[in-house]
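Residue-level structural notes
The lines below spell out each chain.
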Amino acid sequence: MKIALVDYGAGNIPSVERALVRLGAETQRAARAADLESAEAIVLPGVGHFAAMMRALEKQELLPALRAALTRGVPFLGICVGLQALYESSEEAPETAGLGIFAGTIRQLPATSKLPHMGWNTLQESRPGGVLLRDVPAETYFYFAHSYAATGEGAQTVAKCDHAANFAAVIEQGNILAVQFHPEKSGEAGAQVLRNFLEFAR
Amino acid sequence: MTLARRIIPCLDTDGKRVVKGVQFVGLRDAGDPAALSARYNREGADEVVVLDIAASRDGRPTFLETIRRVAAELSIPLTAGGGIGALDEARAVLRAGADKVTLNTAAVHRPELISEIADEFGSQAVVLAIDAKRDRDGWRVFVRGGHEATDLEAVDWAREGVERGAGEILLTSIDRDGTGAGFNCELTAAVSRAVRVPVIASGGARIPEDFLAVFQEGCADAALAASIFHDGIQPIIALKQFLAARGVSVRISR
């Protein structure tokens, strides 16, 4: 099985690719809709600005194929802005629509703590039995680098993190999985999350 | 859930090899950056910084190759910089595998560079490096590897850099750098309280107590050091255990 890495120019594509290859996965960069139509599993890496990502996906005409794959049940992993894109919109770019798989708006974290939320933080599981955190001990640290987050409630939230506000760190609903942290930058803990996704997708 | 304070080993390179010096002069060879990075990745470093301190003199391709070699060894974040003067240079460094770039001299001369890079890659990818030295009224910003004084005051410049889009400040005390006299907690606290982004303290680290002081009194979000880690004088895991035992939140990998 090949993992299609959505390639819209995001900065962290090479490191996500490297992390997956280290775990023995075969990856293929998907820059055109046709690459997603035949995909058996999809990873959407993200870093930077919500609008920049959505615009790039639109410009490369990837949005309809991505939506279709999500509906078709293709195993999907969104990373960082790749999680945020699953919601309806973001305060970072109010005029830009997200994929709208989940209800709600991505909000800026309260400025009472330092922003960006940059560095290593632990999670609190809110719905045990998820896929991505299998064999990940409690109090494990993951690497975050973001200022906006899914702060609303939702049945899809598997684990939360806290930085002046609670936000979704891991979400899962059927074939759609996503993390706000960067598993490709989170050492052995991140590798375990990616391993769990590969196992799920197999 | 508390954000851990980060411990960051820094590799000063001549583009290709790790070099060491005191207060920016008297350099000597200290090893291969990729091999050192692989060790730090194993030993629980939270991030690695690689700087090209000869950037103004040498060609960039050597350093880009070094970034690629270092990135291949890491499963933790990588920050790279030294002599980045334009958006396309930042892009090349990020494409080579860095997650963040540091800006120093060029940002002082043309502050718009900060926002140009932040607009394309996000604030989390832009680290403003400030080299500061004590003067009568405060802390003076120096550029060109600490050789050239500017008109800027460090706290003001940090504030301006953040307004322009820097997502982090890497703050080096020139007075302390390479001396082993401990971090400059006063300088670090002044900058950390003035800005809303994380501040990485740098310059002067020798013993674990120095790190404890800069996290407590200096309000640093992260602390960076070079030679004490390279030489194996201070194992990172022992440093983190020391800090954890004193109530500092750090990531201890299993």
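Further up the page is the structure itself.
What counts, and at which threshold
In this numbering scheme, every chain counts its residues from 1 along its sequence in written order. Ligands are numbered from 1 and chains lettered from A, in the order in which they are written. Residue-level local features of this predicted model are given only where pLDDT is at least 70; pairs of side-chain atoms are given and counted only at 80 or more, and the full residue set underlies all totals for whole chains, interfaces and linings. Note on method: axes are straight lines fitted to C-alpha atoms, helices fitted across the in-contact stretch only, with angles between N-to-C directions ranging 0 to 180 degrees. Secondary structure elements follow DSSP: runs of H or I of four or more residues count as helices, runs of E of two or more count as strands, with numbering from the N terminus. An angle below 35 degrees is treated as roughly parallel, one above 145 as roughly antiparallel, one from 65 to 115 as roughly perpendicular, and anything else as oblique. The crossing is said to be left-handed when, going from far helix to near helix, the turn is anticlockwise and less than a right angle, and right-handed when the turn is clockwise. With C-beta atoms placed from the backbone, a contact is any residue pair whose C-beta atoms sit within 7 Å. Classification used: nonpolar for Ala, Val, Leu, Ile, Met, Phe, Trp, Tyr, Cys and Pro, charged for Asp, Glu, Lys and Arg, polar for all others including Gly. One bridge is not enough; two strands pair if DSSP finds at least two bridges between them. Once C-beta atoms are placed from the backbone, each residue is buried if 20 or more other C-beta atoms lie within 10 Å of its own, exposed if 12 or fewer, and partly exposed for counts between those two.

Digging into the packing of helix H8 (residues 208-216) of chain B against helix H10 (residues 236-245) of chain B
Residues and elements named next belong to chain B. Relative orientation of the contacting elements H8 and H10 amounts to 50°, with a least axis distance of 10 Å. With respect to their mutual orientation, H8 and H10 come out oblique. For the pair H8 and H10, the sense of crossing is right-handed. Within the contact between the two elements, H8 uses Pro208, Phe211 and Leu212 and H10 uses Leu239, Phe242 and Leu243. Partitioning the contact of H8 with H10 into residue classes produces six nonpolar, no polar and no charged.

A look at the sheet that holds strand E12 (residues 166-173) of chain A
Residues and elements named next belong to chain A. As summarised here, the arrangement of the eight strands in space is E2-E1-E3-E4-E13-E12-E11-E8, forming an open sheet in which the pairing is mixed. Of all the strands in the sheet, just strand E2 (26-30) and strand E8 (124-125) have a single pairing partner and so form its edges. Across three bridges, strand E1 (residues 2-6) lies against strand E3 (residues 41-44) in parallel orientation. If you follow Ile3 over to E3, its bridge partner there is Ala41.

Focus: the environment of A:Ser15
By the secondary structure assignment, A:Ser15 is in helix H1 (residues 13-22). Owing to 23 C-beta atoms within 10 Å, A:Ser15 belongs among the buried residues under this scheme. Separated by 30 residues in sequence, A:Ser15 and A:Pro45 place their C-alpha atoms 9.6 Å apart. Not counting the four nearest positions on each side in its chain, A:Ser15 is found in contact with A:Glu184, A:Lys185, B:Ala71 and B:Gly97.

Side note on unusual backbone geometry
Among all residues save glycine, negative phi is the norm, and among peptide bonds the norm is trans. All names here are of chain A. Cis peptide bonds are those with omega within 30 degrees of zero, and the linkage from Leu115 to Pro116 qualifies with 0°. Within the secondary structure, Pro116 is located in the loop between strand E6 (102-108) and strand E7 (117-122). The backbone of Asp135 shows a phi angle near 65°, a positive value even though the residue is not glycine. For Asp135, the location among the structural elements is in the loop between E8 and strand E9 (141-146). With 8 C-beta atoms packed within 10 Å, Asp135 lands in the exposed category.

Details of the pairing of E6(A)
As paired strands, strand E5 (residues 87-90) of chain A and E6(A) are joined by three bridges and run parallel to one another. Paired with A:Ser90 across the strands is A:Ile106, a residue of E6(A).

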